[in-house]
Amino acid sequence: MERSGELTILVPVDVSANEPPSLGILDRIGPIEVVILGYFPVPDQAEPALIREEYGPEAADRLETIADAHHGSTAVLVFTHDREATIDRIADQHGCNAVLIAGETSALDRILVPLRGDVNLDRILSVVADLLLAGEETATLFHSVAEGADPSGGELLLVGAVDRLVEYGVDRDRIDRRLSEGGDPRTDIVEFGGEYDLVVLGETEPSLRERIIGDVLSGIVDDVEVPALIVRDVE
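The notes below deal with the structure included here. (Residues numbered from 1 in each chain as written. Predicted model: local features only at pLDDT ≥ 70, side-chain atom pairs only at ≥ 80, totals over all residues. Heavy atoms only, no water.)

For the rest of this paragraph, the subject is helix α5 (residues 185–193). Within the sequence span of α5, burial applies to D188, I189, F192 and G193. All buried residues of α5 fall inside an arc of 120° around its axis, so they share one side. Buried residues along α5 sit against β5 (110–114), β6 (138–144), β7 (175–180), β8 (198–202) and α6 (220–223). (Buried < 20%, exposed > 50% of the residue type's maximum accessible area, 1.4 Å probe, protein only. Helix = DSSP H or I, 4+ residues; strand = E, 2+ residues; numbered from the N terminus. Arc of directions from axis to C-beta. Contact = heavy atoms within 4.5 Å.)

Our next topic: the pattern of salt bridges. Close approach of charged atoms allows side chains of opposite charge to pair. For the structure shown, the criterion picks out seven salt bridges. For R232, the salt bridge is made with D92, and the minimal N-O distance between the two is 2.7 Å. One end of the pair, R232, is in the segment after β9 (228–231); the other, D92, is in helix α2 (residues 83–93), and 140 residues separate them in sequence. When the shortest N-O distance is used, the salt bridge between R164 and D122 registers 2.1 Å. Of this pair, R164 sits in helix α4 (residues 151–168) while D122 is found in helix α3 (residues 121–134), placing the two residues 42 residues apart along the sequence. For R164, a relative accessible area of 26% translates into the label partly exposed. (Salt bridge = Lys/Arg side-chain N within 4 Å of Asp/Glu carboxyl O.)

Moving on, we come to the environment of E195. With respect to the helices and strands, E195 occurs in the loop between α5 and β8. On the basis of relative accessibility, which here comes to 40%, the residue E195 falls in the partly exposed class. In the structure, E195 is positioned 83 residues away from L112 in sequence and 8.6 Å away in space, judged by C-alpha atoms. Setting aside residues no more than four positions away along its own chain, E195 makes contact with R110 and R178. Of note is the side chain of E195, whose polar atom sits 3.1 Å from the side chain of R178. (Polar contact = N/O pair within 3.5 Å; in protein donor to acceptor, adjacent residues only side chain to side chain.)

Attention now moves to helix α1 (residues 48–68). The end-to-end C-alpha separation of α1 is 26 Å, well short of the 30 Å expected for 21 residues at 1.5 Å each. Its maximal kink placed at Y55, α1 deviates by approximately 65°, while the proline P57 follows within four residues. Among the residues making up α1, those that are buried are I51, G56, A59, R62, L63, I66 and A67. Buried positions along α1 lie against β1 (8–14), β2 (33–41) and β3 (74–80). (Expected span 1.5 Å × (residues − 1). Bend = angle between axes of the 7 residues up to and from the residue.)

This next bit is on the packing of aromatic side chains. On inspection of all chains with the given rule, the structure shows three aromatic pairs. For the pair F142 and F192, a centre-to-centre distance of 5.4 Å together with 80° between the ring planes defines the contact as edge-to-face. Within this pair, whereas F142 is found in strand β6, its partner F192 is found in helix α5, the two being separated by 50 residues in sequence. Relative accessible area serves as the criterion here: at 12%, F192 is assigned to the buried category. These aromatic residues form a ring-pair network of at least three members: F40, Y55 and F79. Just above the ring of Y196 sits the side chain of R110; from NZ or CZ to the centre is 4.3 Å. The positively charged end of R178 is found above the aromatic ring belonging to F192, 3.8 Å away from the centroid. (Phe/Tyr/Trp six-rings, centres within 6.5 Å; stacked < 30°, edge-to-face > 60°. Lys NZ or Arg CZ within 6 Å of the ring centre and 35° of its normal.)

What follows deals with the layout of surface pockets. Taken as a whole, the largest pocket spans an internal volume of roughly 220 Å³. Lining the largest pocket we find P12, V13, D14, P21, S22, Y39, R83, L100, I101, A102, G103 and E104. Elements with a minimum of two residues in the lining of the largest pocket: β1 and β4 (98–101). Here the element with the most residues in the lining of the largest pocket is β1; it accounts for three residues. Looking at the lining of the largest pocket, its residues break down into seven nonpolar, two polar and three charged. (1 Å grid on protein atoms, 1.4 Å probe; cavity = no way out; pocket = protein on both sides within 12 Å on 5 of 7 lines; lining within 4 Å. Points joined across faces, edges and corners; volume = space filled by probe spheres on them. Nonpolar A, V, L, I, M, F, W, Y, C, P; charged D, E, K, R; others polar.)

Okay, structure coming up:
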């Protein structure tokens, strides 16, 4: 089975902040392409060019320090009114498969992969396969069954997803399944996510922030305590 191609991850970093975020997870992910987007938020009433003139050198130094700590990464500096639109634009320009929202983690051993039916399924599994084949992590494929629904459909989804990863070359022993009948996917993912080192989510709409895995899970990235990798739906 063919995967979507070389994995390239975009990492947005607010370079207006004095303290850079923890990006230690990049040192634990296997050899992949990384684009670090240093964005500087610009107030609506201000001109980006004027803000760049005033804060450009300082922001560039911060971004360079971050990029130097992760050898081989590509650094892009943008002064912007719209963070989300900038993420989409730069991700498109650099052919990024996924966007990493940094979070605290001391290891990268266990990955949680929530699946919502066939939505973006092939791309999610392709990215997960690339992660697993580049490192030594294990992955748990997770599905939350709607209240009152037959759980057998969710179980079939997970079994089929495991088979696809095996076809990609991932050892079956490194893949687990987890089915919840709680009926609240967002609560389940936030709760279970704390047991893992990384959560891989699927984007189903153009906006990374407004409709991650549908309206039901909007805002989950803010609630989950570990890093989140959002697989882009670029169709």
